[in-house]
Amino acid sequence: MDSYDVVVVGGGHAGCEAAVAAARMGVRTALYTFDPDSVAQMSCNPSIGGIAKGHLVRELDALGGIMGEAADRTGIQFRLLNASRGPAVQAPRCQSDKYKYINEIRRILFDQENLSVHQSEVVGLIIEKDRIQGVEVKDGRRIQASTVILTTGTFLNGLIHIGGIRQKAGRIHEPASESLAQNLRRIGFEVGRLKTGTPPRLDGNTIDFTRFEEQRGDDCPAFFSLKTERTILPQISCFLGYTNAKLHNLIRENIKQSALYGGVIKGIGPRYCPSVEDKVIKFSEKERHQLFLEPEGLDTDSIYLNGLSSSMPVEVQKKMVASIPGLENARIIRPGYAIEYDFVQPTELRQTMETKKICGLFHAGQINGTTGYEEAAAQGFVAGINAALQSMGLDPVTFPREESYIGTMVDDLVTRGIDEPYRMFTSRSEFRLLLRIDNADRRLKPTGYRLGLVSETDYVVFKQKYREIDLLRYFLKETRWNTRDAACPALAAKVDVQAIRGLTLEEILRRPGIFLEDLDPFMSFHGRKPSSGEIRKIVEIEIRYQGYIQQQVKDAEKMQSLGKRRIPPDFDYNAVDGLNRETKEKLSRIRPADLAMAGRIPGITPAAVSVINIQLEMRKAKNSRNGRKPEKS
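Residues numbered from 1 in each chain as written. Predicted model: local features only at pLDDT ≥ 70, side-chain atom pairs only at ≥ 80, totals over all residues. Heavy atoms only, no water.

Of the regular secondary structure elements, the protein chain holds 20 helices and 20 strands. Considering only C-alpha atoms, the protein chain reaches an extent of 80 × 80 × 50 Å along its principal axes. Burial analysis of the protein chain (633 residues in total) assigns 58% to the buried set. Counting contacts in the protein chain only where the partners sit at least 6 residues apart, residues at least 24 apart contribute 74% of the total. A total accessible area of about 27600 Å² is found for the protein chain, and carbon and sulfur atoms account for 48% of it. Computed over 89 positive and 80 negative side-chain charges, the separation of the two mean positions in the protein chain equals 4 Å. (Helix = DSSP H or I, 4+ residues; strand = E, 2+ residues; numbered from the N terminus. Buried < 20%, exposed > 50% of the residue type's maximum accessible area, 1.4 Å probe, protein only. Contact = heavy atoms within 4.5 Å. Areas by Shrake-Rupley, 256 points an atom, 1.4 Å probe, with all protein chains shown as cover. Lys, Arg positive; Asp, Glu negative; His and termini not counted. Charge placed at Lys NZ, Arg CZ, Asp CG, Glu CD.)

See the structure below:
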């Protein structure tokens, strides 16, 4: 019987990140997937990053994940979103060559020591006494494993809809995973149904691009990985267009033929990425909706029609596409479709991504009710490191929400659960000024290094970078402006240099419109060489937003103090006077690890948290009187 420390089921973005993380930590890891040639498939739009999603990728890169470098190496257009807004909401995004991205991830997987990739369907889990023992594959073999990570994407009981046509599939032309889905239901997991969709792909040779607004990438790209210095592939444009009244009327006239509106689909779809039918029906007051024409790669003519996700019959989709100026003669290479699939309510999980019911079984990605490559990859990484740690008999690692978007997402999932596909937004974090893209490495690189996922070389570079930042901050705080030292024409054009005499350079930088480059002559006079653009930007942000940052630091410290008040796993909420029945049921089901987590459960009031805290104090005092050691959660 084959035996591994970690078995990963599924080769999507979650599975690939989990498998590589576990293998790099030195444990024997196996990845089982339907097709090793289509790992990390971009089933939806061919892009990585975006608002908050780009934050997740930066954090993954800081920890030693693979998505950021792969995206940079295969990016064909880079843009910094919200560049004109504050640093908390700025985020990188890249258009990827989806085929080169797959090849890059395959290269990483097959070159990775301690990792073997297998083409096979996992049909069942081997469990003894609520402990995972391995998996069973379709040919009848039983694979022994200390831990198992399920990253099944949309494959669990996947069902594709195109008009009235229904097809069992995990993706178009790929089989659904039915046996494993039944296995999870038999175990007793809380299983639900979700829905997502994808738009038609068009032949770029049949499109009149002159009828659309060209969107170029940034001249100075914002990369995901700090190791990336330049673009590798040729850079191309995307194109912006709009729906119109003719298209909207077509949808209204044929709405009953939509699988979504014909009553066939029961799963809940993503609110923030609706089908075009949803847009027209639910937002009837809007005269048009944006469409983006996104090339899927350099060596293909396939164009992804972002914004026209649909489950209409093929013939109706053809008319819909032809109603858009510039697409009158466009040929559909592959029609859009909707897909329903099973998910397991994420309140079944601990913050390590391990299931509460089965020790050693982890879930990551869309099986937890999330949507998006980046959300899946981040969960896969968390599951991968914790499965590896458990297989080595070491303590798990969790990510506090006040320290990362990864931690925010995991905490949201395990504490609140989901009633629609979960997507990451910056607004989900109460600490978003602390969780910027520019400081992801400062927040998380030490953890990646401690886990063995960040190399010694990279960590030395990281430490040198922040040594330079700290020295520059000290210089700006201690040095005062003196007009006799050096002329600064750029500064003089913005302020009265005599009026600011005696101010520290830090105080001057807090003034609107003042940047470090305005002070370059003065700093050179004092022996300071110009810092890199990255370091300048970080220092300017830290100085300019210092007051707001300090306030969020205080708020984070308050949350950390509550987080230190652990709640034992066997705590009996039903025995606590002062909690109503609904509160007791929620707390008993979710089993928060600490008081901070308890307070984030919907419906749990501060008064209830206070009651629990009093009970913990009484329990602690009782144990102390009886001479028992303090309890651990």
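Don't stop here, the text continues.
This part is about the sheet that holds strand β4 (residues 75-81). Spatially, the three strands line up as an open sheet ordered β3-β5-β4, and their pairing is antiparallel. Of all the strands in the sheet, the pair left with one neighbour each is β3 (47-49) and β4. Pairwise comparison of adjacent strand axes, ignoring direction, gives a mean angle of 20° for this sheet. In the sheet, β3 pairs with strand β5 (residues 91-96) via three bridges, with the strands oriented antiparallel. When the bridges of β5 are listed, I48 appears paired with C94. (Pairing = 2+ DSSP bridges. Axes fitted to C-alpha atoms, helices over the stretch in contact; angles between N-to-C directions.)

Next up on the list: unusual backbone geometry. The residue N157 is not glycine, and still its phi comes out positive at about 55°. Residue position: N157 is located in the loop between β9 (142-150) and β10 (159-162). For H173, which is not glycine, the phi torsion reads 70° and is therefore positive. Relative to the elements of secondary structure, H173 occurs in the loop between β11 (165-168) and α5 (178-187).

Turning to the side chain of T33, a few remarks are in order. When you line up the elements, T33 lands in strand β2 (residues 29-33). Among residues more than four places away in sequence, those in contact with T33 are G11, V39, V117, H118, Q119 and S120.

Looking now at the state of the cysteines. Taken as a whole, this structure holds zero disulfides when the rule is applied. With no disulfide of its own, C16 lies closest to C94 among cysteine sulfurs, the gap being 16 Å. Here C273 is not disulfide-linked; the sulfur of C44 is the nearest cysteine sulfur, at 5.7 Å. By relative accessible area, which is 46% here, C273 ends up partly exposed. (Disulfide = S-S within 2.5 Å.)

Attention now moves to the sheet that holds strand β17 (residues 302-306). Spatially, β14-β15-β16-β17-β13-β18 is the arrangement adopted by the six strands of the open sheet, whose pairing is antiparallel. Whereas interior strands pair on both sides, the edge strands pair on one side only; in this sheet they are β14 (213-215) and β18 (332-334). Going from strand to strand, the sheet's axes swing by 35° on average, the running direction of each strand aside.

This part covers the nonpolar core. Among the nonpolar cores identified, the biggest contains 97 residues, and I48, Y101, I105, L109, I149, I385 and I612 are the most heavily contacted of them. Residue contributions to this core peak at eleven residues, all from helix α9 (residues 373-391). Setting aside chain neighbours within four positions, we find I105 in contact with C16, V39, A40, I66 and A70. Counting residues in hydrophobic clusters, the runner-up holds 26 residues, among them Y466, F475, L509 and L516. (Core = buried A, V, L, I, M, F, W, Y, C linked by side-chain atoms within 4.5 Å.)

Take the pairing of β11 next. The pairing of β10 with β11 spans four bridges and is antiparallel. The residue bridging L159 from the neighbouring strand is K168, located in β11. Here β10 folds back onto β11, and the loop between the two strands holds two residues, one of which, G163, carries a positive phi near 65°.

Now for helix α2 (residues 53-63). Because each turn of an α-helix spans 3.6 residues, side chains separated by three or four positions in sequence point in the same direction. Among the eleven residues of α2, eleven are classified as buried, and the element is accordingly described as predominantly covered. Among the residues of α2, K53, G54, H55, L56, V57, R58, E59, L60, D61, A62 and L63 are the ones counted as buried. One or two positions beyond α2, positive phi appears at G64, with a value near 110°.

So, on to the packing of α9 against helix α10 (residues 405-416). At their nearest, the axes of α9 and α10 sit 10 Å apart, and the two run at 85° to each other. Comparing the axis directions of α9 and α10 gives the class roughly perpendicular. Taking contact as the criterion, the partners of E375, A378, Q379 and V382 in α9 are, on α10, I406, M409 and L413. When grouped by side-chain class, the residues that make up the contact of α9 with α10 number five nonpolar, one polar and one charged. (Parallel < 35°, antiparallel > 145°, perpendicular 65-115°, else oblique. Nonpolar A, V, L, I, M, F, W, Y, C, P; charged D, E, K, R; others polar.)

In this structure, the second largest pocket spans a volume of roughly 1300 Å³. In this structure, the second largest pocket is lined by 48 residues; those nearest its centre are S225, L226, K227, T228 and E534. Only α2, α3 (67-74), α4 (98-111), α11 (440-450), α12 (456-478) and α16 (533-544) provide two or more residues apiece to the lining of the second largest pocket. With eight residues, α16 is the largest single contributor of residues to the lining of the second largest pocket. Split by residue class, the lining of the second largest pocket holds 18 nonpolar, ten polar and 20 charged. (1 Å grid on protein atoms, 1.4 Å probe; cavity = no way out; pocket = protein on both sides within 12 Å on 5 of 7 lines; lining within 4 Å. Points joined across faces, edges and corners; volume = space filled by probe spheres on them.)

Right, let's talk about the packing of α2 against α11 for a bit. Packing of α2 against α11 brings their axes to within 7 Å, and their N-to-C directions diverge by 40°. On the basis of their axis angle, the class for α2 and α11 is oblique. Handedness of the α2/α11 crossing: right-handed. Along the contact surface, α2 presents R58, E59, D61, A62 and L63, while α11 presents A440, D441, R443, L444, K445, T447 and G448. Classifying every residue of the contact of α2 with α11 by side-chain character gives four nonpolar, two polar and six charged. (Left-handed = near helix turned anticlockwise from the far one by under 90°.)

The next point concerns the packing of aromatic side chains. Applying the stated criterion to the full structure yields eight aromatic pairs. Plain terms: the ring middles of F209 and F239 are 4.8 Å apart, the flat faces sit at 40° to each other, and that makes the pair tilted. In this pair, F209 sits in the loop between β13 (201-203) and β14 while F239 sits in strand β15 (residues 238-242), placing the two residues 30 residues apart along the sequence. Judged by relative accessible area, which is 24%, F209 ranks as partly exposed. (Phe/Tyr/Trp six-rings, centres within 6.5 Å; stacked < 30°, edge-to-face > 60°.)

In the structure shown here, the tally under the stated rule is 46 salt bridges. Across the pair R536 and D520 runs a salt bridge whose closest N-O atoms are separated by 2.9 Å. Pair noted here: R536 is in helix α16 and D520 is in helix α15 (residues 520-525), with a separation of 16 residues, a long-range link. Take R536: its relative accessible area is 15%, and that puts it in the buried class. When its relative accessible area of 23% is taken as the criterion, D520 is described as partly exposed. Members of the salt-bridge network, linked through shared partners, are R401, D411, D412, R416, E430 and R600. (Salt bridge = Lys/Arg side-chain N within 4 Å of Asp/Glu carboxyl O.)

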